[in-house]
Amino acid sequence: MQEYELNVLDQYNIDVTGTRKTRGAILCDTQQGLLLLREVTTSEKRIPALCNLYCYLKGQGYEWTDEILPNKNGEYVSTAEDGGKYILKQWYQGRECDIRKPAELLAAAGNLAKLHTVTSHGLEQGAPAGTHLGEEYNRHNRELKKVRRFMRSLSPKGEFEFAFLKYFDQMYQWADLALEELEHSEYDALYQDSMERGCLTHGEYNYHNILILSGAYVHGETAQGGAPGKSGTRGPDYKGHVGHTNREPLRIATTNFDKFKIDIQVEDLYYFLRKVMEKHGWKERLGDNMLNAYSAIRPLSSGETEYIKNRLIYPEKFWKIADSYYHSNKAWISVKSIEKLNVAIRQTEEKKRFLENIFSFHL
């Protein structure tokens, strides 16, 4: 541990017994429990709002979070001798949610539903408003066309450019359709209601920010979420089966709320579901069971179900890869970037079947 990091810890009323590095931070064993020291990765202006959010969550009984701790001066941001800005968080013995274990993914989906239940109104101070999805889709579509124009002008073209141009029309058809579906959906009313009520989203709910706490355990069947059972409440676009497991609830801590905002809450569910499905090849049973694990605690309205369907229609991964390409050094395209593009293209057919069988959507 660097001397300046030790200096930061001296600014807190804690007794440190040991430290060790973790990804982008320092884990600190203390007499007050496990803490985590890391550099500030968001605007300092957001820190008071984050602290208010953590306080609110604990007041609502949602206690397993990485609350930011004040230093001896009562400040939440501490400055190191080299000028670096740090925060100290309450942390937990555990590990990240294992994306290979369906039982943990279902528990994480249920945990998200609980989070949304307690943040569905009333905490607007310091929280930015989410962008209207129509504006976002239009901007992304313009960017996709800009990347295509750029690639067409290149000579010679590489493997990445050839693959992108070959499948552009097919992928853009999905992007165009998502915008059309959005315009004929309940989205505007859902968005406006979320703004008026001050509904909060986590902003980055993925398996990296979900901690399975030590001592948590599962009983019963876990394969792909278990055997069919009774479904939660869904919108009219949903069809399928639900997994049920006879298991003890996992203890979960939710971390890194830095990107929280006022928006349609099931954006978090869409994001989590998409990230998991991309890793699991759009396995319908697992995705279906994740949706049911959420809706068993917080039932999804027809508008929210429609919203998730629409978000899944948009080729988000294809756009992200194209955007990353355009803002990178195009003289050298990594093998990994080419692989990501090919996977995004290949999984389109898998996602198409998922949308057909889970949401009754047909291209």
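The rules behind each value
Residues numbered from 1 in each chain as written. Predicted model: local features only at pLDDT ≥ 70, side-chain atom pairs only at ≥ 80, totals over all residues. Heavy atoms only, no water. Helix = DSSP H or I, 4+ residues; strand = E, 2+ residues; numbered from the N terminus. Buried < 20%, exposed > 50% of the residue type's maximum accessible area, 1.4 Å probe, protein only. Contact = heavy atoms within 4.5 Å. Axes fitted to C-alpha atoms, helices over the stretch in contact; angles between N-to-C directions. Parallel < 35°, antiparallel > 145°, perpendicular 65-115°, else oblique. Left-handed = near helix turned anticlockwise from the far one by under 90°. Nonpolar A, V, L, I, M, F, W, Y, C, P; charged D, E, K, R; others polar. Phe/Tyr/Trp six-rings, centres within 6.5 Å; stacked < 30°, edge-to-face > 60°. Core = buried A, V, L, I, M, F, W, Y, C linked by side-chain atoms within 4.5 Å. Salt bridge = Lys/Arg side-chain N within 4 Å of Asp/Glu carboxyl O. Pairing = 2+ DSSP bridges.

## Section: the overall build of the chain
- The secondary structure content of the chain amounts to 11 helices and 13 strands.
- Within the chain, the fraction of its 363 residues that count as buried is 51%.
- Expressed as a percentage of contacts within the chain between residues at least 6 apart in sequence, the contacts between residues at least 24 apart total 78%.

## Considerations on the packing of helix H5 (residues 159-183) against helix H11 (residues 335-359)
- Axis separation between H5 and H11 bottoms out at 10 Å; the angle between their running directions is 25°. Judged by the inter-axis angle, H5 sits roughly parallel to H11. Considering how the two elements wind past one another, H5 and H11 form a crossing that is left-handed. Taken together, the residues of H11 that come into contact with H5 (itself represented by Glu-159, Phe-160, Ala-163, Phe-164, Tyr-167, Gln-170, Met-171 and Trp-174) are Ser-337, Ile-338, Leu-341, Asn-342, Ala-344, Ile-345, Thr-348, Lys-352 and Leu-355.
- Counted by class, the contact of H5 with H11 contains 11 nonpolar, four polar and two charged residues.

## Some thoughts on the packing of aromatic side chains
- The tally for this structure, following the rule as stated, stands at 15 aromatic pairs.
- With a centroid separation of 4.9 Å and 15° between ring planes, the pair formed by Phe-160 and Tyr-325 is classed as stacked. Remark: Tyr-325 occurs in helix H10 (residues 316-326) and Phe-160 occurs in helix H5; sequence separation between them is 165 residues. Grouping residues by exposure puts Phe-160 and Tyr-325 together as buried.
- With 5.7 Å between their ring centres and 25° between their planes, Tyr-187 and Tyr-191 make a pair best called stacked. Linking Tyr-187 with Tyr-191, this pair stays in helix H6 (residues 187-197), spanning four residues, or about one helical turn.

## Things to note about the nonpolar core
- By size, the foremost hydrophobic cluster in this structure holds 92 residues, and its most contacted members are Leu-144, Phe-164, Met-290, Ile-308 and Leu-312.
- Per-element tally for this core: the top contributor is H5, with 12 residues.
- Not counting the four nearest positions on each side in its chain, Phe-164 is found in contact with Leu-144, Val-147, Arg-148, Met-151, Phe-318, Ala-322 and Leu-341.
- The next biggest cluster of nonpolar side chains, apart from the first, holds 11 residues, and it includes Val-8, Leu-9, Tyr-12 and Cys-28.

## With respect to the environment of Glu-339
- Checked against the element boundaries, Glu-339 lands in helix H11.
- Linking Glu-339 and Phe-160, residues 179 residues apart in sequence, is a C-alpha distance of 9.0 Å.

## Description of the pattern of salt bridges
- By the definition in use, this model includes 18 salt bridges.
- Here Arg-38 and Asp-258 are joined by a salt bridge, their closest N and O atoms 3.0 Å apart. Of the two residues, Arg-38 is situated in strand S3 (residues 33-39) and Asp-258 in the loop between strand S12 (252-254) and strand S13 (261-262); the sequence distance between them amounts to 220 residues.
- A salt bridge links Arg-197 to Asp-193; its shortest N-O distance comes to 2.9 Å. With Arg-197 and Asp-193 both in helix H6 and four residues apart, the pair spans about one turn of that helix.
- Residue Asp-193 is classed as partly exposed on the basis of its relative accessible area, which comes to 31%.
- Residues participating in the shared-partner salt-bridge network are Glu-136, Lys-261, Asp-263, Glu-267 and Arg-311.

## As for the sheet that holds strand S9 (residues 210-213)
- What the three strands build is an open sheet, ordered S7-S9-S12; its pairing is antiparallel. Two strands lie at the open edges of the sheet, namely strand S7 (94-96) and S12, each paired on one side alone. Taken pair by pair, the neighbouring strands of this sheet meet at an average axis angle of 30°, ignoring direction.
- By the bridge criterion, three bridges tie S9 to S12 in an arrangement that is antiparallel. Its bridge partner being in S12, Ile-212 is matched across the sheet by Ile-252.

## Re the environment of Leu-363
- Its location among the elements puts Leu-363 in the segment after H11.
- Placed 186 residues apart in sequence, Leu-363 and Leu-177 show a C-alpha to C-alpha distance of 8.4 Å.
- Among all residues touching Leu-363, those that are not within four sequence positions of it are Gln-173, Trp-174, Leu-177 and Lys-352.

That's the geometry; what it means functionally is another story.
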